[in-house]
Protein chains: 2
Amino acid sequence: MMDKQGILVVLSGFSGAGKGTIMKALLERHDDYALSISATTRKPRAGEVEGREYFFVSKEQFLSMVEEDALIEHAQYVDNYYGTPKRYVEEQRAAGKDVILEIEIQGALKIKEKFPDALLIFVMPPDAAELEHRLTGRGTESPEAVRARLKRAAEEAVGVEAYDYILVNDQLDTCVEELHQMIQVQHSRTSARIAMISKMRQELSRLG
Amino acid sequence: MMDKQGILVVLSGFSGAGKGTIMKALLERHDDYALSISATTRKPRAGEVEGREYFFVSKEQFLSMVEEDALIEHAQYVDNYYGTPKRYVEEQRAAGKDVILEIEIQGALKIKEKFPDALLIFVMPPDAAELEHRLTGRGTESPEAVRARLKRAAEEAVGVEAYDYILVNDQLDTCVEELHQMIQVQHSRTSARIAMISKMRQELSRLG
């Protein structure tokens, strides 16, 4: 028995923690989800595709989206803007899909403020050595860039307490199923079942 | 990856919602749990066994347990006292077992106050007509007693908002697995992973 409105899920985590791989596997295995694509002013990395990883926009385009109230949140990270287009999220949630936003910690905290029922999940590797190993193994980043990412990760870990769950990405299959369960049990949170509770109360009063 | 301390789970729900059957199935299927047995001054019902459903004690015995601080919570319900013996709960949690307390709403609220990380789950039948049907079908209660229970249920539903989850007992197997997942994902709550987060931060600072 599901409530009708989809849940808003925010997935964050250190780069190198494996968010992308986890999301891909989750969407392949379960039909319950829609992935929100962010708009960003940052340049595409090698292999990134317009409308798949991000909508790549100019600073002017981005600011006009802000102006038109077309983003549910936006944040600046290093020198770039990132934001979540509103329309897709609202449509998918109304259709009963749980919508996943893969966003940075700043944006996540804004979402939680605006949508207190949003579920915030932070992905971590089992330990820091594994994170370093994965970032190095990518081969797309210089040793200096890896160090900068690790330093940034240490800073990011400061906001982690605001998240609901820590998802440890040790073994992929286990991790994906755990993520699925974290989200699915959210449908049974008391706050998501208020309508059912009211109905039950009315019926009980009539019978009792 | 589990934290070492077991979780404290409170399971409540209308009588007739099927708590007993759910708990029995959960304990048969999963090794993760220990069931706390309450002490009560109420008389045993037909089929109830000392030390299985309850420890049946006199009012004098009960009050001396209160005096000795041997209960983690106690409450009065109708004319009887109910309480949770402390020692068993502490031992089992220390051994990494998730301990389930099947207690009334008053006791549940006291537990939440004392242990903010306790997980409160309220079991409901899919609708009120089903509850009436199950209470009548039991055959152990007069029509007047059934009506009294339904009335009491309507009153109990008032405290339900304090619970974390509503577990709908529609189909038993689904319900038992959902309960298992509700509890298991709790091990990944940020509050349960503070030690891991601190360790990660220290390691990242060293590497970055």
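Residues numbered from 1 in each chain as written. Chains lettered and ligands numbered in written order. Predicted model: local features only at pLDDT ≥ 70, side-chain atom pairs only at ≥ 80, totals over all residues. Heavy atoms only, no water.

### Remarks on the relation of the copies chain B and chain A
Phase 1 of the analysis: If you rotate chain B by 180° and push it 0.0 Å along the axis, it lands on chain A with an RMSD of 0.0 Å. The superposition of one copy onto the other is thereby described by a two-fold rotation axis. It is Q181 of chain B whose C-alpha, among those of chain B, lies nearest the rotation axis, at 3.3 Å.
Phase 2 of the analysis: Same-surface contact between copies: 100% of interface residues of chain B are shared with the interface of chain A. (Least-squares fit on C-alpha atoms with pLDDT ≥ 70 in both. Contact = heavy atoms within 4.5 Å.)

### Section: the sheet that holds strand β6 (residues 80–85) of chain B
Residues and elements named next belong to chain B.
Phase 1 of the analysis: Read from one edge to the other, the open sheet built from four strands follows the order β4-β3-β6-β5, with strand pairing classed as mixed. At either end of the open sheet lies a strand with only one pairing partner, and these are β4 (54–56) and β5 (71–77). Averaged over all pairs of adjacent strands, the angle between strand axes in this sheet comes to 25°, irrespective of strand direction.
Phase 2 of the analysis: By the bridge criterion, three bridges tie strand β3 (residues 38–40) to β4 in an arrangement that is parallel. What sits directly across from T40, in β4, is F56.
Phase 3 of the analysis: Across the sheet, helix α3 (residues 86–94) is in contact with β5 and β6; its angle to β6 comes to roughly 30°. (Pairing = 2+ DSSP bridges. Helix = DSSP H or I, 4+ residues; strand = E, 2+ residues; numbered from the N terminus. Axes fitted to C-alpha atoms, helices over the stretch in contact; angles between N-to-C directions.)

### A look at the interface of chain B and chain A
Accessible area lost when the parts come together is the quantity often used to give the size of an interface.
Phase 1 of the analysis: Taken together, the contacts link 43 residues of chain B with 43 residues of chain A.
Phase 2 of the analysis: Interface area for chain B against chain A, summed over the two sides, is near 3900 Å², with a carbon-plus-sulfur share of 64%.
Phase 3 of the analysis: Run the count over chain B and chain A and you get four salt bridges.
Phase 4 of the analysis: Taken together, chain B and chain A are joined by 19 residue pairs in polar contact (both at pLDDT 80 or more).
Phase 5 of the analysis: Residue assignment for the side of chain B that touches chain A shows that the elements contributing at least two residues are α5 (128–138), α6 (143–156), β9 (165–168), α7 (172–186) and α8 (194–207) of chain B.
Phase 6 of the analysis: Of the residues belonging to the side of chain B that touches chain A, the class tally is 27 nonpolar, five polar and 11 charged. (Buried area = accessible area lost by both parts, 1.4 Å probe. Salt bridge = Lys/Arg side-chain N within 4 Å of Asp/Glu carboxyl O. Polar contact = N/O pair within 3.5 Å; in protein donor to acceptor, adjacent residues only side chain to side chain. Nonpolar A, V, L, I, M, F, W, Y, C, P; charged D, E, K, R; others polar.)

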